[in-house]
Structure formats: structure tokens, C-alpha cells
Amino acid sequence: GSGFIDKLIRIVEKNNKGKVFLVKLDCPLNVLKKRVANASRKKQNKLTCYDELVKTYAPYKNEVYHKRKSLIIDTSQSSPEQSAKKIIAYLNEKN
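Residues numbered from 1 in each chain as written. Predicted model: local features only at pLDDT ≥ 70, side-chain atom pairs only at ≥ 80, totals over all residues. Heavy atoms only, no water.

Each helix and strand counted, the protein has five helices and two strands in total. Listed N to C, the secondary structure of the protein is α-β-α-α-α-β-α in terms of helices and strands. Dimensions along the principal axes, computed over C-alpha positions, put the protein at roughly 40 × 30 × 25 Å. Across the protein, the fraction of contacts at a sequence separation of at least 24, relative to all contacts at a separation of at least 6, is 62%. Carbon together with sulfur atoms contributes 55% to the accessible area of the protein, which is approximately 7,200 Å² in total. (Helix = DSSP H or I, 4+ residues; strand = E, 2+ residues; numbered from the N terminus. Contact = heavy atoms within 4.5 Å. Areas by Shrake-Rupley, 256 points an atom, 1.4 Å probe, with all protein chains shown as cover.)

Turning our eyes to something else, we now look at the environment of Cys27. Relative to the elements of secondary structure, Cys27 occurs in the loop between β1 (22-26) and α2 (29-35). On a C-alpha basis, the gap between Cys27 and Asp74 in space is 5.3 Å, while along the polypeptide they are 47 residues apart. Leaving out residues up to four positions away in the same chain, Cys27 has contacts with Leu32, Arg35, Tyr57, Lys61, Asp74, Thr75 and Ser76.

Okay, the packing of aromatic side chains next. This model, assessed by the stated rule, comprises zero aromatic pairs. Over the aromatic face of Tyr50 sits the side chain of Lys33, whose NZ or CZ is 5.2 Å from the ring centroid. (Phe/Tyr/Trp six-rings, centres within 6.5 Å; stacked < 30°, edge-to-face > 60°. Lys NZ or Arg CZ within 6 Å of the ring centre and 35° of its normal.)

A few words on the pairing of β1. Here β1 shows a clear split, with Leu22, Lys24 and Asp26 buried on one side and none of Val23 and Leu25 buried on the other. Pairing of β1 with strand β2 (residues 70-74), which is carried by five bridges, proceeds in the parallel orientation. Across the sheet, residue Val23 finds its bridge partner in β2, namely Leu71. (Buried < 20%, exposed > 50% of the residue type's maximum accessible area, 1.4 Å probe, protein only. Pairing = 2+ DSSP bridges.)

All right, on to the side chain of Asp26 then. Its place among the elements puts Asp26 in strand β1. Among the residues examined, Asp26 registers a relative accessible area of 16% and is labelled buried. Those residues within four positions of Asp26 in sequence are excluded, and the remaining contacts are Tyr57, Lys61, Ile72, Ile73, Asp74, Thr75 and Ser76.

Attention shifts here to the environment of Gln77. In this structure, Gln77 sits in the loop between β2 and α5 (80-94). Through-space distance from the C-alpha of Gln77 to that of Cys27 is 8.5 Å; in sequence the pair is 50 residues apart.

Turning our attention to the pattern of salt bridges. When the charged atoms of two side chains lie near each other, side chains of opposite charge can form a pair. Applying the stated criterion across every chain yields a total of three salt bridges. A salt bridge links Glu13 to Arg68, with the nearest nitrogen and oxygen atoms 2.8 Å apart. Within this pair, whereas Glu13 is found in helix α1 (residues 2-15), its partner Arg68 is found in the loop between α4 (50-57) and β2, the two being separated by 55 residues in sequence. The salt bridge involving Lys55 is made with Glu52; its shortest N-O contact spans 3.3 Å. You can see Lys55 and its partner Glu52 sitting in helix α4, three residues apart, about one turn around the helix. Judged by relative accessible area, which is 34%, Glu52 ranks as partly exposed. (Salt bridge = Lys/Arg side-chain N within 4 Å of Asp/Glu carboxyl O.)

Everything listed is a geometric property; what it means functionally is a separate question.
Set out below in C-alpha cells:
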């Protein structure tokens, strides 16, 4: 939850003089349901059981950290490469 993010920001920015930029990778559950069956997920140590995915993902589906602007990417609309480019552009814009 946001308590974890608050603590992370405090540790990184106040104690270590670093910067935290938030990025949320999002995807509709119906797309995740199709992806979870992909054999490549096992090689990447990703969840391969839809029920486990829903149990893990559902509590955070609509969670957004409102205290700070963050980049939200819908991975159903963006390839991994496109997502990475968006993240790099976002970070370059912030620095």
C-alpha cells in the first residue's frame, strides 16, 4: 500500500538524497488471463496460474499513489520495448 511507498520515498530521498519516480505497469485482467497460459512465463518466474494471479493482482488493481505524479502504462496497449521507451522518456523528462 501507500505506507510502503511513503517509507521508500523517505528512505531514498531524505536519508540518501536520491529520487523516486513511480511507474505503474497495468493490464486488464482479461488480457492477463490470456498471458498467464504462455509457457515463457515459467522461464521468467512469473505466475502461471490464473487464480493465483487474480489473488495477487486484484487487491492492487485500482491502487494509485496520489501523493505524487506517476507514469501509468497499459501493457495491453504497449509492447515491452514501447513500455521501456516510455519509462526512459519519463525519467529523462524528470531529470
